[in-house]
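# A structural walkthrough
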Amino acid sequence: MIDYLTRHPEKIINPLLQHIQLVAVTLVLSILLVAALTLLSLNRPRLSNALHQVLSVVYSIPSLALFAVLIPVTGLGTVTAVIVLTAYNQYLLLRSFTTGLREVESSVVEAARGIGMTEGQILTRVQIPLAKRALFAGVRLAVVSTICIGTIAASINAGGLGALLFDGLRTMNIAKILWGSLLSAGLAISVNALLKLAEERMGRT
Amino acid sequence: MTAIEYRKVCKQFTGSRAYALQSVSASIEEGEFITILGSSGCGKTTLLKMTNRLYEPDSGEILLFGEHIGDKDPVELRRGVGYVIQQVGLFPHLTVEENIGMMPGLLKWDRERIAVRVTELLTLVGLEPERFRGRYPSQLSGGQQQRIGLALALALDPKVMLLDEPFGAIDAITRLNLQNELLRIHGGLGKTFLFVTHDINEAFKLGNRVMIMNEGRLLQFDTPKNIVQRPADPFVETLIRSAREQETFWEAVT
């Protein structure tokens, strides 16, 4: 295994970097989209409910099936992968963003409104700072889930650690299989641990 | 000058058949200390929250210094009307200074002016500025938190102050102190205070006039003395009798 790494380092490093890139792009898009959805639905309970319903249905579709559905539209490759992964994240993120913001004590929000803060100011100065832990926990969950589901994106030619894994399986190359699974699991676990640490730090201030 | 005028204000909450407010009319002069007395659900808080447009009336009008509040931008309106609630509602993630300085900061006062204002207000509400400005709300007692709540509401120097049972969750001794301080603050500022309470002693002690409400109706609005001497309604009579009974209970004990 170590032998394989020293002989073909680029065959392991490249998929890893590709994977991280896929996760990063997905994350940025996911957060932008969910921010818009949250703002739109936060004070509209019916819209909020409908969105949660729809997104939970999307979330329950197996990833392979969702990839397959999109291939005729956006083709094979990274674009399709990013769309699917972003769609999955919306459920996780919207749920945690909405509950996080709603859990901010209503008396504080009412007091803020009562002293003449605008809704925007209440959101940025009061609700988001007070909900930041919950928001961050949602992001952590989304990142880890993207890392994991991202391995399946290799099946539609989006590369990443999944490609290493699938290649290894097809050719029965044990080193590739091991590197693929170790790195994808390792990436998920270490990113989760890092973000959790950051989250706890954040709570203390 | 008339500070606040209610004209036939009605309100019914969706899903409830009873009126939260039924044609309430009253006129309050500038500089008065008005208390609104009633049990929970009588509409006193609803009336208060309409005064800064946290609620809107179904019909009727509310005038603030002669202007219809319905024509004003709610945010602008609230900046000119102080608001204090029972749960205090301080921002837990900000220090005392940042809490009091929130609105001045949003209105782009410079830092020095905010610091001066915070010192001024902390002194006014009886807290040593240098000891308290850096603390967080969780490091304060209930009474101290409510003093900060008062300072926060006074930050923009509003002409009218709305206080919704501000001492409701505070122990009896602290409460007495706060009541006296509030009278002192009111006396020094010349502002109009509107103070909601369900405690008859508090209402009659603080208010130069008292509004007595029940089931969405304003039953009597007069000075404490006139109310006691000439109760306008059987409910008011019962209220006064119950307060008297409590008094005789205390006399019997001592």
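Residues numbered from 1 in each chain as written. Chains lettered and ligands numbered in written order. Predicted model: local features only at pLDDT ≥ 70, side-chain atom pairs only at ≥ 80, totals over all residues. Heavy atoms only, no water.

Turning our attention to the overall build of chain B. The secondary structure content of chain B amounts to 11 helices and 10 strands. The C-alpha atoms of chain B give 19 Å as radius of gyration, which agrees with the globular expectation for 254 residues (18 Å, within 12%). Structurally, chain B occupies a C-alpha span of about 55 × 55 × 35 Å along its principal axes. Long-range contacts, defined as pairs at least 24 residues apart, comprise 68% of the intrachain contacts of chain B with a sequence gap of at least 6. Side chains of chain B carry 29 positive and 32 negative charges; the gap between the two charge centres is 1 Å. (Helix = DSSP H or I, 4+ residues; strand = E, 2+ residues; numbered from the N terminus. Rg over C-alpha atoms; globule rule 2.2 N^0.38 Å. Contact = heavy atoms within 4.5 Å. Lys, Arg positive; Asp, Glu negative; His and termini not counted. Charge placed at Lys NZ, Arg CZ, Asp CG, Glu CD.)

At the interface, 20 residues of chain B touch 16 residues of chain A. When the two sides are added together, the surface that chain B and chain A hide from each other amounts to roughly 1600 Å², 70% of it contributed by carbon and sulfur. Contact with chain A buries surface across chain B, with B:Phe91, B:His93 and B:Leu106 losing the most and accounting together for 30% of the total. At the boundary of chain B with chain A, the tally comes to 1 salt bridge. Here B:Lys49 and A:Glu110 are joined by a salt bridge, their closest N and O atoms 3.1 Å apart. Applying the counting rule to chain B against chain A returns 5 residue pairs in polar contact (both at pLDDT 80 or more). Of all the secondary structure elements, the ones that give two or more residues to the side of chain B that touches chain A are helix H2 (74-79), strand E6 (81-85) and helix H4 (102-106) of chain B. (Buried area = accessible area lost by both parts, 1.4 Å probe. Salt bridge = Lys/Arg side-chain N within 4 Å of Asp/Glu carboxyl O. Polar contact = N/O pair within 3.5 Å; in protein donor to acceptor, adjacent residues only side chain to side chain.)

Attention now moves to the packing of helix H7 (residues 142-154) of chain B against helix H8 (residues 172-189) of chain B. Residues and elements named next belong to chain B. Where H7 contacts H8, the axes come no closer than 11 Å and their chain directions differ by 20°. Compared by their axis directions, H7 and H8 come out roughly parallel. Judged by the sense of rotation from one axis to the other, the crossing of H7 with H8 is right-handed. Across the interface between the two elements, Gly-143, Arg-147, Leu-150 and Leu-154 from H7 touch Thr-174, Asn-177, Leu-178, Glu-181, Leu-182, Ile-185 and Leu-189 from H8. (Axes fitted to C-alpha atoms, helices over the stretch in contact; angles between N-to-C directions. Parallel < 35°, antiparallel > 145°, perpendicular 65-115°, else oblique. Left-handed = near helix turned anticlockwise from the far one by under 90°.)

Residues A:Met117, B:Phe91, B:Ile100, B:Leu150 and B:Leu182 are the most contacted members of the largest nonpolar core, which totals 74 residues. Counting residues per element, this core draws most heavily on helix H7 (residues 119-150) of chain A, which supplies 10 residues. Looking at which domains feed residues into this core, each of domain 1 (1-79 + 160-169 + 192-254) and domain 2 (81-157) of chain B supplies at least three. Leave out the neighbours within four places in its chain, and B:Leu150 touches B:Val84, B:Val125, B:Met161, B:Leu163, B:Leu182 and B:Ile185. Within the second largest apolar cluster, 31 residues are counted, among which are B:Ala3, B:Leu21, B:Ile28 and B:Met211. (Core = buried A, V, L, I, M, F, W, Y, C linked by side-chain atoms within 4.5 Å. Buried < 20%, exposed > 50% of the residue type's maximum accessible area, 1.4 Å probe, protein only. Domains from an automatic or database assignment.)

Attention now goes to the pairing of strand E10 (residues 217-222) of chain B. Residue and element names in this part refer to chain B. Relative to E10, strand E9 (residues 209-214) is paired through 5 bridges, and the arrangement is antiparallel. By the bridge assignment for E10, Ile-212 is matched with Gln-220. A loop of 2 residues connects E9 with E10, the two strands running antiparallel in sequence, and Glu-215 in this loop sits at a positive phi of about 45°. (Pairing = 2+ DSSP bridges.)

Residues and elements named next belong to chain B. This structure, assessed with the given rule, holds 7 aromatic pairs over all chains. Where Phe-13 meets Tyr-55, the ring centres are 5.4 Å apart and the plane angle is 75°; that geometry is what we call edge-to-face. Here Phe-13, found in the loop between strand E1 (2-11) and strand E2 (21-29), pairs with Tyr-55, found in the loop between helix H1 (44-51) and strand E4 (59-64); they are 42 residues apart in sequence, far enough to count as distant. Each ring, one from Phe-249 and one from Trp-250, has its centre 5.4 Å from the other, and the planes form 70°; the classification is edge-to-face. Residue Phe-249 is classed as partly exposed on the basis of its relative accessible area, which comes to 48%. Here a set of aromatic residues connected by ring pairs shows up, and it is made of Phe-33, Phe-167, Phe-193 and Phe-195. (Phe/Tyr/Trp six-rings, centres within 6.5 Å; stacked < 30°, edge-to-face > 60°.)

As a further point, take the environment of A:Ile12. All names here are of chain A. Along the polypeptide, Ile-12 turns up in helix H2 (residues 9-41). C-alpha of Ile-12 to C-alpha of Asn-89: the two residues are 77 residues apart in sequence and 27 Å apart in space. Those residues in contact with Ile-12 that sit more than four places away from it in its chain are Tyr-4, Leu-5, Leu-164, Trp-179 and Leu-183.

Residue and element names in this part refer to chain B. For chain B, the domain assignment lists domain 1 (1-79 + 160-169 + 192-254) and domain 2 (81-157). Here domain 1 and domain 2 have C-alpha centroids that lie 26 Å from each other. On the domain 2 side, the residues contacting the 17 residues of domain 1 number 13 residues. Roughly 1300 Å² of surface becomes buried between domain 1 and domain 2 when both sides are summed, with 62% attributable to carbon and sulfur atoms. When residues of domain 1 are sorted by the area they lose upon contact with domain 2, Arg-79, Met-161 and Leu-162 head the list and together hold 38% of the total. Counting across the interface, domain 1 meets domain 2 through 0 salt bridges. Along the contact surface separating domain 1 from domain 2 lie 8 residue pairs in polar contact (both at pLDDT 80 or more). Secondary structure elements with two or more residues in the side of domain 1 that touches domain 2: H2 and strand E7 (160-164). At 5 residues, E7 tops the list of elements feeding residues into the side of domain 1 that touches domain 2. Classifying every residue of the side of domain 1 that touches domain 2 by side-chain character gives 10 nonpolar, 2 polar and 5 charged. (Nonpolar A, V, L, I, M, F, W, Y, C, P; charged D, E, K, R; others polar.)

Moving on, we come to the pairing of E9(B). All names here are of chain B. Across the 6 residues that make up E9, a large majority, 6, are buried. Side chains Arg-209, Met-211 and Met-213 project from E9 onto one buried face, and the interleaved Val-210, Ile-212 and Asn-214 project onto a second face that is buried too. As judged from the 4 bridges shared by strand E3 (residues 33-37) and E9, these two strands associate in the parallel manner. The partner of Ile-36 across the bridge, within E9, is Met-211.

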